[in-house]
Amino acid sequence: MLFGLELPGHWPDPTKDINNLFPELIECVKLSDQIGVDAFIMGEHHFMDYNATPDPIALACYLAPITSNQKLILSVLCLPWHEIEMLAGRIAQADQLTRGRLELGLARGGSTYEPSKMFMDLDPEANLEKFNEQIEALKRLFTEKDISFDGKYTKFRDVTIVPPVYQRPYPPIWQASMRPESAFHIARNGYHVQTSQLRQPMSFVQEVMDSFRAGVAESSQPQGKQKISMLHWVYIAKDEDDRREKVEMAYQKHRKFMGLLQNTSNVKEGVVHGVDVEGTAEEYAETLLIGSKDYVLERIMEFKEMGFDEFGMKLHIGPDHKDIMESLETFGDYVLPKVQTKHSAAAE
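Residues numbered from 1 in each chain as written. Predicted model: local features only at pLDDT ≥ 70, side-chain atom pairs only at ≥ 80, totals over all residues. Heavy atoms only, no water.

Peer 1: Just checking my understanding: could you explain the nonpolar core for this structure?
Peer 2: It is characteristic of soluble globular proteins that their nonpolar side chains tend to be buried jointly. Formed by 78 residues in total, the largest nonpolar core has its most connected members in Ile 300, Phe 311 and Phe 331. Those residues in contact with Phe 311, other than ones at most four positions away along the chain, are Met 1, Leu 2, Phe 3, Gly 4, Met 230, His 232, Val 234, Leu 289, Ile 300 and Phe 303. Counting 18 residues, the second largest nonpolar core, distinct from the first, contains Met 48, Tyr 50, Trp 233 and Tyr 235. (Core = buried A, V, L, I, M, F, W, Y, C linked by side-chain atoms within 4.5 Å. Buried < 20%, exposed > 50% of the residue type's maximum accessible area, 1.4 Å probe, protein only. Contact = heavy atoms within 4.5 Å.)

Peer 1: Please clarify how helix α5 (residues 124-143) should be interpreted in this entry.
Peer 2: Given 3.6 residues per turn, any residue in an α-helix points the same way as the ones three and four places further on. Spanning 20 residues, α5 covers 29 Å between terminal C-alpha atoms, matching the ideal 28 Å at 1.5 Å per step. Packed against the buried residues of α5 are α3 (84-97), β4 (102-107), β5 (147-150), β6 (155-159) and β7 (173-177). (Helix = DSSP H or I, 4+ residues; strand = E, 2+ residues; numbered from the N terminus. Expected span 1.5 Å × (residues − 1).)

Peer 1: What is the right way to read helix α11 (residues 321-339) from this model?
Peer 2: End to end, α11 covers 25 Å across 19 residues, agreeing with the expected 27 Å (1.5 Å per residue, within 8%). Maximum bend of α11: about 45°, positioned at Gly 332. Within α11, burial applies to His 321, Asp 323, Ile 324, Met 325, Ser 327, Leu 328, Phe 331, Gly 332, Val 335, Leu 336 and Val 339. In the core, the buried residues of α11 are packed alongside β1 (2-6), α1 (21-35), β9 (228-236), α8 (240-262), α10 (293-306) and β13 (310-314). (Bend = angle between axes of the 7 residues up to and from the residue.)

Peer 1: Would you mind going over the pattern of salt bridges with me for this structure?
Peer 2: Side chains bearing opposite charge may pair, as long as their charged atoms lie close to each other. Counted by the stated rule, this structure contains 23 salt bridges. Among the salt bridges present, the one from Lys 322 reaches Glu 326, with a minimum N-O distance of 2.6 Å. With Lys 322 and Glu 326 both in helix α11 and four residues apart, the pair spans about one turn of that helix. Exposure remark for Glu 326: the relative accessible area of 28% places this residue in the partly exposed category. Each of Lys 238, Asp 242, Glu 245, Lys 246, Lys 322, Asp 323 and Glu 326 takes part in one network of salt bridges that share partners. (Salt bridge = Lys/Arg side-chain N within 4 Å of Asp/Glu carboxyl O.)

Peer 1: Sorry if this is basic, but what is going on with the pairing of strand β3 (residues 71-78) here?
Peer 2: Counting buried residues along β3, eight of its eight residues qualify, which places the element largely inside the surrounding structure. The sheet contact formed by strand β2 (residues 39-42) and β3 spans four bridges and is parallel. Along β3, the bridge assignment pairs Met 42 with Leu 74. In terms of strand pairing, β3 meets β4 through six bridges, oriented parallel. Its bridge partner being in β4, Ser 75 is matched across the sheet by Gly 105. After leaving β3, the chain enters α3 and then returns to the sheet as β4, a path that is right-handed. (Pairing = 2+ DSSP bridges. Right-handed = clockwise from strand over helix to strand, strands pointing away.)

Don't take any of this as a statement about function, it's just geometry.
Rendered as structure tokens:
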């Protein structure tokens with residue numbers, strides 16, 4: 001199983017100088033490079049301190065010359081927020097600058113918070129239709145010249161992106177899935193699948209895995225061997241008091257996540273406030289990878305044995321920078337050597 005570090009730009013304390021956001025994030029990147037992670041994962045989010053990375057393409061280009069040879073996964077890029085022919089050119093340039101290290105995690109956006117700020121259509125069915133249309137246009141832009149596209153949502157004429165993408169036919173494409181049904185359809189359509197436990201029991205994770213494998217069985221596999229990855233909140237605690245503190249932080253972050261997902265959070269000056277959710281912090285902790293190094297190792301082994309090809313760590317759940325760095329260093333020393341492999345098994 002391969003391991004990646006998510007770079008969310010999470011800045012939960014507005015009293016701290018946000019000008020330290022990226023310097024601290026880069027320190028995490030450099031330590032992750034030293035311990036041998038396989039990928040860096042960066043998503044697109046706007047107008048919030050919950051995830052302050054509005055341009056993951058720029059971040060990937062910055063990271064390329066200061067890191068070894070890790071994959072740079074743009075996940076997720078929300079296609080409905082973009083003019084697809086312009087986005088295709090930006091991706092192609094970044095693929096050239098990073099010499100083919102890019103991978104694309106594409107989505108239509110799971111929250112209505114950001115599109116509501118841009119007066120975009122919030123209808124989920126319309127967004128799905130637009131998203132599917134844009135993916136087809138994007139792949140054509142990557143592989144053809146002087147193309148025209150006359151779709152319901154996407155229109156352009158006689159376009160060739162210059163320079164072309166470095167990887168041929170195009171960088172690997174992932175899609176995000178939060179349900180077994182979508183994992184099946186994404187896999188059947190030939191894409192890699194990114195998922196998250198999202199406070200669900202492991203039986204739900206197994207359903208997603210089973211659906212992925214069923215979809216792969218019906219896929220023509222245009223990208224070759226298909227992969228599935230798990231994105232999960234991880235923190236190695238120093239002791240029980242530290243564990244309880246970080247579980248509470250994760251619980252507060254979850255309250256903000258639900259507010260953004262439902263667009264019910266009070267957001268002022270980019271600061272996201274949590275909403276009421278069911279359950280206690282300790283009940284919530286049962287689905288998190290927060291605890292001793294042996295606990296974290298044991299939980300990650302569950303995902304490896306289930307057949308996940310890649311595992312993305314979400315360390316920025318609220319701890320200060322020093323705690324994050326110590327947790328990451330312990331993970332590299334103790335956990336990573338026991339679980340990291342270069343072989344992918346899920347689709348077999």
